[in-house]
Amino acid sequence: MTNLHGTGVALVTPFTATHEVDYAGWRNLLDFTIAGGVEYLVINGTTGESPTTTAAEKTELLRIAKEHVAGRVPLVYGIGSNDTAAAEALLHSTDLEGITAILSASPAYNKPSQAGIVAHYQRLADAAPRPLLLYNVPGRTGSNMSAETTLTLAAHSNIIGIKEASGNVEQCLAILARKPADFLFLSGDDMLTVPLIACGAVGIITVLGNAFPQKFGDMTRAALAGDFTRAQQLLFDFVALNPLMYEEGNPVGVKAALALQGVCGGAVRLPLVPASEGLTTRIKALL
């Protein structure tokens, strides 16, 4: 599925100052990232504050995205749960017409065994009306998907790839060394994008790409084209900025960067709070 090669942006959800969904800001963000040249967009991920958006808001965000993007880039939609049956029900009840793939994070909090993770994903893949992308993010879920688990799941006909955000380079290499040729390996860590592409990754699902779609996309495309001198130069420009995106929680930092550029507001929903004055000042200095 080559239309998911390159840069996918894990979109934030803009909120107003009174914490309502800012649908005008949402449309603006869609246009801003597409104009930056990214290859696809990811809706309803954790960066989109999916734990605190309602079912009705999720439905409206997806509806607007499909209508407003109008086929300009592929769309990936996040569906997951630590209740397998609940995730399966969402696969059936969500209008996935026009969606290229589903991104589904490994179950959080209840820490299933590797066998449990395999069984969870196999059940979702059997039920999913669109191809499924695995998502390993142990920093959020509390459990890691081993390389062996990923490779086992790669054999399923409806599982097409993984967003790997473990930060464990050795684990990433173990997957890259043995995965099927058509299984998409996508970095889930912005700063590992270039080195992982050098080892066979086909792209990234990024946080930084919300605020810097053109520069981040140029970096990824340069790496995919084998121009690692150019890719390295662009990557190094993000070294000081990237930690600030997560210092007070994701997407607090990247929303501050978006607000400073006038794309959308910096509001987040509790339990997250907006970027502090000090963090905002440091982000502004780097911009």
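The structure displayed is predicted, hence computed values, not measured ones.

*Asks:* Whenever I open this one, the pairing of strand β5 (residues 132-136) confuses me. Can you help?
*Replies:* Within a regular strand, side chains alternate between the sheet's two faces. Most of β5 sits inside the fold, with 5 of its 5 residues counted as buried. The alternating pattern of β5 places L132, L134 and N136 and L133 and Y135 on opposite faces, both of which are buried. Judged from the 4 bridges that link them, strand β4 (residues 101-105) and β5 form a sheet pairing that is parallel. Among the inter-strand pairings, I102 is bridged to a residue of β5, identified as L132. In this fold, β4 hands off to helix α4 (residues 114-127), which returns the chain to β5; that crossover is right-handed. Relative to strand β6 (residues 159-164), β5 runs parallel, the two sharing 5 bridges. Considered in β6, the bridge of L134 is made with I162.

*Asks:* Would you explain helix α9 (residues 213-224) in this entry?
*Replies:* Because the α-helix completes a turn every 3.6 residues, residues three or four places apart line up on one side. A rise of 1.5 Å per residue sets the reference length of α9, with its 12 residues, at 16 Å; its end C-alpha atoms lie 16 Å apart and thus fit the reference within 8%. Residues P213, F216, G217, M219, T220, A222 and A223 constitute the buried set of α9. Its buried side turned inward, α9 meets β1 (6-10), α1 (23-35), α8 (193-198), β8 (203-206) and α10 (228-237). Just beyond α9, the residue with positive phi is G226, at close to 85°.

*Asks:* Sorry, what's going on with the sheet that holds β1 here?
*Replies:* Consider a sheet: its strands pair through backbone hydrogen bonds, and that pairing is either parallel or antiparallel. One closed barrel accounts for 8 strands, arranged β1-β2-β3-β4-β5-β6-β7-β8; its pairing is parallel. On average, each strand axis in the sheet is inclined to that of its neighbour by 25°, with strand direction left out of account.

*Asks:* Could you clarify how one ought to interpret empty space enclosed by the protein in this entry?
*Replies:* It is a probe the size of a water molecule, rolled over the atoms, that shows where empty space is left. This model, assessed by the stated rule, comprises 1 cavity of 30 Å³ or more. Computed from the structure, the largest cavity encloses a volume of approximately 50 Å³. If you go around the largest cavity, the residues you meet are L11, T13, W26, I43, N44, G48, T53 and L61. Looking at side-chain class alone, the lining of the largest cavity contains 4 nonpolar, 4 polar and no charged residues.

*Asks:* Is there a simple way to explain the side chain of T47 in this structure?
*Replies:* Mapped onto the secondary structure, T47 falls in the loop between β2 (40-43) and α2 (55-69). Sequence-distant contacts of T47, defined by excluding residues within four places in its chain, comprise A10, L11, V12, T13, V207, N210, N250 and P251.

*Asks:* For this particular structure, what's the right way to read the packing of aromatic side chains?
*Replies:* Given two aromatic rings, one states the distance between the centres and the angle between the planes to describe the pair. A complete count under the given rule lists 2 aromatic pairs for this structure. Note on F216 and F238: the rings are 5.4 Å apart at their centroids and 50° apart in plane angle, and the pair reads as tilted. Residue F216 is found in helix α9, and its partner F238 is found in the loop between α10 and α11 (252-260); the two are separated by 22 residues along the sequence. A residue is classified by how much of its surface remains accessible, and F238, at 2% relative accessible area, is buried. Grouping aromatic residues by their ring pairs yields a cluster made of F212, F216 and F238.

*Asks:* Would you mind showing me how to read the nonpolar core here?
*Replies:* Nonpolar side chains in soluble globular proteins tend to end up buried together. Ranked by internal contacts, the top residues of the largest apolar core, which has 78 residues, are W26 and L41. The leading source of residues in this core is α4, at 6 residues. If sequence neighbours within four positions are ignored, L41 has contacts with V9, L11, L30, T33, I34, V69, V73, P74, L75 and V76.

*Asks:* Got a minute to help me understand α1 in this structure?
*Replies:* Here α1 contains 13 residues, and its C-alpha end-to-end distance of 18 Å stays within 8% of the 18 Å for a straight helix at 1.5 Å per residue. Taken as a whole, α1 has its buried residues at G25, W26, L29, L30, T33 and I34. For α1, the angular spread of buried residues about the axis comes to 165°, placing them on one side. Facing away from the buried side of α1 by more than 90 degrees, the exposed set consists of A24 and A35. The secondary structure elements touched by the buried residues of α1 are β1, β2, α2, α9 and α11.

Procedures and definitions
- Residues numbered from 1 in each chain as written.
- Predicted model: local features only at pLDDT ≥ 70, side-chain atom pairs only at ≥ 80, totals over all residues.
- Heavy atoms only, no water.
- Buried < 20%, exposed > 50% of the residue type's maximum accessible area, 1.4 Å probe, protein only.
- Helix = DSSP H or I, 4+ residues; strand = E, 2+ residues; numbered from the N terminus.
- Pairing = 2+ DSSP bridges.
- Right-handed = clockwise from strand over helix to strand, strands pointing away.
- Expected span 1.5 Å × (residues − 1).
- Contact = heavy atoms within 4.5 Å.
- Axes fitted to C-alpha atoms, helices over the stretch in contact; angles between N-to-C directions.
- 1 Å grid on protein atoms, 1.4 Å probe; cavity = no way out; pocket = protein on both sides within 12 Å on 5 of 7 lines; lining within 4 Å.
- Points joined across faces, edges and corners; volume = space filled by probe spheres on them.
- Nonpolar A, V, L, I, M, F, W, Y, C, P; charged D, E, K, R; others polar.
- Phe/Tyr/Trp six-rings, centres within 6.5 Å; stacked < 30°, edge-to-face > 60°.
- Core = buried A, V, L, I, M, F, W, Y, C linked by side-chain atoms within 4.5 Å.
- Arc of directions from axis to C-beta.

Function cannot be inferred from these measures alone, as they are strictly geometric.
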